[in-house]
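These are the residues of each chain, in order.
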There are 2 protein chains.
Amino acid sequence: MEFLKLLEFKDFFDKKIKNFFENLDLEDYLKEPLFYYIENGGKRLRPWIIYNFGQIISINKKNLIDIAIAVEILHSSSLIHDDLPALDNAKLRRGALTTHLKFGEYKAILAGDYGFTLPLQIVAGLDNIKEGNKLLLVDYFIKTILKLFQGEMEDLIFEKEDKNVGEKEILEMYSKKTGAVFGFCFASPFLMAGEAELAKEMNKIGTDFGVSFQIFDDLKDIFTKEEDIGKETNKDVNKKTLLNFYNFQETQIIADNIYINVLQKLEDLNLKELSQLLKEVRKIIETR
Amino acid sequence: MEFLKLLEFKDFFDKKIKNFFENLDLEDYLKEPLFYYIENGGKRLRPWIIYNFGQIISINKKNLIDIAIAVEILHSSSLIHDDLPALDNAKLRRGALTTHLKFGEYKAILAGDYGFTLPLQIVAGLDNIKEGNKLLLVDYFIKTILKLFQGEMEDLIFEKEDKNVGEKEILEMYSKKTGAVFGFCFASPFLMAGEAELAKEMNKIGTDFGVSFQIFDDLKDIFTKEEDIGKETNKDVNKKTLLNFYNFQETQIIADNIYINVLQKLEDLNLKELSQLLKEVRKIIETR
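The rules behind the values
Residues numbered from 1 in each chain as written. Chains lettered and ligands numbered in written order. Predicted model: local features only at pLDDT ≥ 70, side-chain atom pairs only at ≥ 80, totals over all residues. Heavy atoms only, no water. UniProt positions renumbered as here; feature names shortened; annotations may be inferred. Least-squares fit on C-alpha atoms with pLDDT ≥ 70 in both. Contact = heavy atoms within 4.5 Å. Phe/Tyr/Trp six-rings, centres within 6.5 Å; stacked < 30°, edge-to-face > 60°. Helix = DSSP H or I, 4+ residues; strand = E, 2+ residues; numbered from the N terminus. Buried < 20%, exposed > 50% of the residue type's maximum accessible area, 1.4 Å probe, protein only. Lys NZ or Arg CZ within 6 Å of the ring centre and 35° of its normal.

The name given to chain A in an unreviewed UniProt entry is Polyprenyl synthetase, with the source organism recorded as Petrotoga mobilis. Under the UniProt heading Sequence similarities (unreviewed entry), the entry covering chain A gives this text: "Belongs to the FPP/GGPP synthase family."

Set out below in structure tokens:
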């Protein structure tokens with residue numbers, strides 16, 4: 001089977017999500033702040049996983065794209081709220097003003113609120129899927145969104161209350177904040193196929209994938225200059241990451257090991273094509 | 001059939017929702033800010049409607065209570081975000097500090113986020129309901145939550161940008177901001193029963209009921225002193241209400257007419273018991 005590489009996929013997906021917003025029956029005062037980060041960039045790694053995993057197990061492409069759009073909107077909305085003055089107080093994102101600085105704070109808060117629920121409407125509105133499978137998918141998605149908020153809250157509490165946390169708490173927090181959504185990306189094609197047991201396994205593996213992704217992200221933040229990534233770097237001195245306990249090389253090894261373990265688990269499940277796909281994006285994930 | 005009056009119902013329901021939170025598997029850092037307004041008061045009008053309407057058409061009580069809890073959490077979460085500094089900047093609610101002043105702003109934002117999605121988990125987790133009916137219920141609930149955000153956004157834009165809006169725009173905004181959730185309260189028992197067509201009618205009638213409720217609320221805000229209602233009054237000079245166009249008596253007549261029309265429509269649908277119930281709470285809704 002031929003797969004779109006991440007960069008080609010981005011072009012393909014960007015057209016789809018642009019089209020979705022153009023056809024979305026929603027007032028500009030919500031549509032514009034909600035589409036703003038999406039339009040300004042992003043690797044589309046989450047959509048890419050859903051789309052390619054789903055193709056391997058022959059899921060309807062239209063449904064895969066809809067779920068991918070839902071996840072990208074969720075992800076983007078979480079960035080809108082993360083960036084708020086009371087949370088990360090970020091000024092720049094993807095080389096441009098953050099949503100609250102561009103549109104005003106109350107519009108950023110409400111666009112985020114809307115963007116956390118809209119993805120559920122997309123998934124609840126899928127056609128060509130059995131009622132039972134759809135309910136399972138919606139239920140998984142709801143739990144994913146709730147975990148995302150828990151992880152975000154823990155991350156902020158650790159930092160703002162300067163908590164004395166260990167490696168275990170940090171990895172646990174990563175598994176909610178970043179892992180949960182990747183867990184859903186890995187699981188959702190299998191939920192579509194009604195493979196509930198396998199989906200549960202995929203959810204766990206995807207969560208680990210998300211944890212390694214988050215650690216690679218922490219490492220990049222340290223060695224990258226502001227102008228290269230379009231957001232402020234090193235601004236949170238109390239931010240809790242694995243780098244509180246390990247040096248750069250040691251941290252890199254931890255992330256590598258989790259990543260290798262993810263590939264191995266996919267092969268153990270006889271999903272070699274999925275493992276192969278993730279091997280190919282590894283370089284892109286590790287570097288900018 | 002015997003119905004619990006609103007005040008007796010409040011006692012009954014308060015125990016149920018307290019119990020729900022005690023058994024909820026959630027960290028205190030989210031549970032406490034989420035339960036804070038709920039614990040501090042509220043008439044429980046929305047839960048009362050769901051519970052009593054549902055009993056009239058013989059819906060499983062456990063399910064009615066779960067939906068009522070979901071709606072009360074949604075309502076309370078909308079108050080948490082409304083009160084934020086960037087939105088209404090409220091200091092007091094129900095005679096005590098607002099959530100962000102009590103727990104800190106980032107916790108208020110994230111507790112609200114959590115509280116907008118948790119209700120959907122409750123509804124998606126209902127037992128003893130056909131899959132198709134549950135999907136319909138979840139879909140209605142999602143649309144209700146999205147409308148709530150649209151209404152909230154419009155209300156804020158009207159005020160903060162001092163928009164020159166007419167009566168029509170204000171009533172339209174009320175129908176989203178306050179009407180949508182009441183529409184869901186009216187419709188949800190019928191959705192449980194698989195009466196999709198009737199639920200659609202009930203949704204419309206409930207939305208009108210919510211609009212009249214909102215107008216009565218505006219009227220109370222003007223003539224009530226701060227100490228009587230436990231929140232600041234008359235603080236938003238640019239707030240857009242029907243009182244921009246009509247005097248107190250005229251506005252009262254508009255709300256009365258909508259209310260009477262709601263009762264009439266219920267009788268037209270041969271739902272005299274429902275109309276009777278709403279007649280009884282009218283005094284409580286009109287006055288504090």
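What follows continues from the structure just given.
**Student:** Before we move on, could you go through the relation of the copies chain A and chain B and cite the residues and values that matter?
**Tutor:** When chain A is fitted to chain B, the best match, at an RMSD of 0.0 Å, comes from turning it 180° and sliding it 0.0 Å along the axis. Accordingly, the operation relating the two chain copies is best matched by a two-fold axis. Most of the interface of chain A is mirrored in chain B, where 100% of its interface residues are also at the interface.

**Student:** Account for the packing of aromatic side chains, naming residues and giving values.
**Tutor:** Per the stated rule, a full pass over the model turns up 32 aromatic pairs over all chains. Arranged with centres 5.6 Å apart and planes meeting at 40°, the rings of Phe 9 of chain B and Tyr 51 of chain B form a pair that is tilted. One end of the pair, Phe 9 of chain B, is in helix 1 (residues 6-23); the other, Tyr 51 of chain B, is in helix 3 (residues 45-56), and 42 residues separate them in sequence. Overall, Phe 9 of chain B belongs to the buried group, its relative accessible area being 1%. Taking relative accessible area as the criterion, Tyr 51 of chain B reaches 6% and is therefore assigned buried. Ring pairs connect the aromatic residues Phe 53, Phe 182, Phe 186, Phe 209, Phe 213, Phe 216 and Tyr 259 of chain A, which therefore count as one cluster. The ring of Tyr 37 of chain A carries Arg 93 of chain A above its face, with NZ or CZ at 5.8 Å from the centroid. Taking the ring centre of Tyr 106 of chain A as reference, the NZ or CZ of Lys 160 of chain B above it sits at 5.7 Å.

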